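Next come the chains, spelled out residue by residue.
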Amino acid sequence: MGILTYKEQQEEKKMMNPSLDKMSNALRDIISQKVTSALTDDEQYEALSKQMFENGERTAHAETDPSSVRLRTYQRRVLNM
């Protein structure tokens with residue numbers, strides 16, 4: 001009997017239309033699965049990484065340590081503080 005916030009209105013819509021909620025959950029799951037599979041597909045990831053270097057979008061810098069080394073040293077500094 002009062003004014004509802006936007007979040008409360010959305011929750012009420014979900015309660016009043018459960019099929020819409022099921023459909024949105026199903027779509028969210030499908031999108032999440034596609035993103036996860038794209039990120040974990042080694043062949044596709046390696047092709048994308050290689051393409052970035054071939055197109056000149058990224059370059060290799062000899063004076064910069066690899067990210068794994070930089071992250072490890074950062075973690076050691078932060079944990080030792």
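Let me sum up the structure you'll find in this document. (Residues numbered from 1 in each chain as written. Predicted model: local features only at pLDDT ≥ 70, side-chain atom pairs only at ≥ 80, totals over all residues. Heavy atoms only, no water.)

Let us look at the overall build of the protein. Counting its regular elements, the protein contains 4 helices and 0 strands. The linear arrangement of helices and strands in the protein, starting from the amino end, is α-α-α-α. Projected onto its principal axes, the C-alpha positions of the protein cover 65 × 40 × 20 Å. Approximately 8100 Å² of the protein is accessible, and the part contributed by carbon and sulfur atoms is 58%. (Helix = DSSP H or I, 4+ residues; strand = E, 2+ residues; numbered from the N terminus. Areas by Shrake-Rupley, 256 points an atom, 1.4 Å probe, with all protein chains shown as cover.)

Let us look at the environment of Asn55. Relative to the helices and strands, Asn55 resides in the loop between α3 (42-54) and α4 (67-79). Asn55 sits 16 residues away from Leu39 along the chain, and the two C-alpha atoms are 21 Å apart.

A separate point is a nonpolar patch on the surface. A cluster of nonpolar side chains, contributed by Leu20, Met23, Leu27 and Ile30, occupies part of the molecular surface with about 380 Å² of accessible area. Residue position: Ile30 is located in helix α2 (residues 18-40). (Patch = residues over 30% accessible without salt bridge, like charges linked within 9 Å, V, L, I, M, F, W, Y side chains within 5 Å. Salt bridge = Lys/Arg side-chain N within 4 Å of Asp/Glu carboxyl O.)

Purely geometric stuff here, so don't read any function into it on its own.
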